Amino acid sequence: MSNGTDFSANVPAIMPVLALVVRFAYPSYATKFTGRVISVKDGDTIEVLHNNKAERIRLTGIDCPEKKQAFGQRAKQATSTLSFGRNVTIQTNAKDRYGRTLGNVYLSNGRNLNHELVKGGWCWWYRKYAPGDMVLEGLEDEARLAKRGVMG
């Protein structure tokens, strides 16, 4: 059934509008930026100077002991030793319920801080928020076998 209107002729004209609708209907938080680590809150939370203000970063896929728990201060110290005062690159994923930016933190030598902390035994793979992350799983297994840090 046709009423004589050919909608296919209008498709190229509406494509930019559709692209905007999709962009704003499904916002993407995946961005990348570089900044200096200005504070280490605990083993899995740092603050990075971004656009001249402190941005709190929660390291994705890992969970370090809290500061008052066993190994909490050591986890914080490990994070500080690897990152404090240094430029890092953040690959963001989203925001958490506390408004912190979630992301992977890359050190200037290209190493992933999240991975280094698990590898050193300073934290666990956070299965609930990074299910199926085979890299973190392998690093945790390796730390557990070597009885490093919280895995000992």
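Before any of the text, the structure's been laid out above.
Right, let's walk through the structure included here. (Residues numbered from 1 in each chain as written. Predicted model: local features only at pLDDT ≥ 70, side-chain atom pairs only at ≥ 80, totals over all residues. Heavy atoms only, no water.)

### Some words on helix H4 (residues 134–146)
Stage number 1. Between the first and last C-alpha of H4 there are 18 Å, a value that for 13 residues agrees with the 18 Å anticipated at 1.5 Å per step.
Stage number 2. All buried positions along H4 are accounted for by Leu-136, Leu-139, Glu-140 and Ala-143. Looking straight down H4, one finds its buried side chains confined to an arc of 100°; they lie on one side. Away from its buried face, by an angle of more than 90 degrees, H4 presents the exposed residues Met-134 and Leu-145. (Helix = DSSP H or I, 4+ residues; strand = E, 2+ residues; numbered from the N terminus. Expected span 1.5 Å × (residues − 1). Buried < 20%, exposed > 50% of the residue type's maximum accessible area, 1.4 Å probe, protein only. Arc of directions from axis to C-beta.)

### Overview of the pairing of strand E3 (residues 53–59)
Stage number 1. Pairing of strand E2 (residues 45–50) with E3 involves six bridges; the strand directions are antiparallel. In the strand pairing of E3, Val-48 is matched with Glu-55.
Stage number 2. Remark: two residues form the turn of the hairpin made by E2 and E3, two consecutive strands paired antiparallel; Asn-51 in that turn has positive phi of roughly 55°.
Stage number 3. Across three bridges, E3 lies against strand E6 (residues 101–106) in parallel orientation. Its bridge partner being in E6, Arg-58 is matched across the sheet by Leu-102. (Pairing = 2+ DSSP bridges.)

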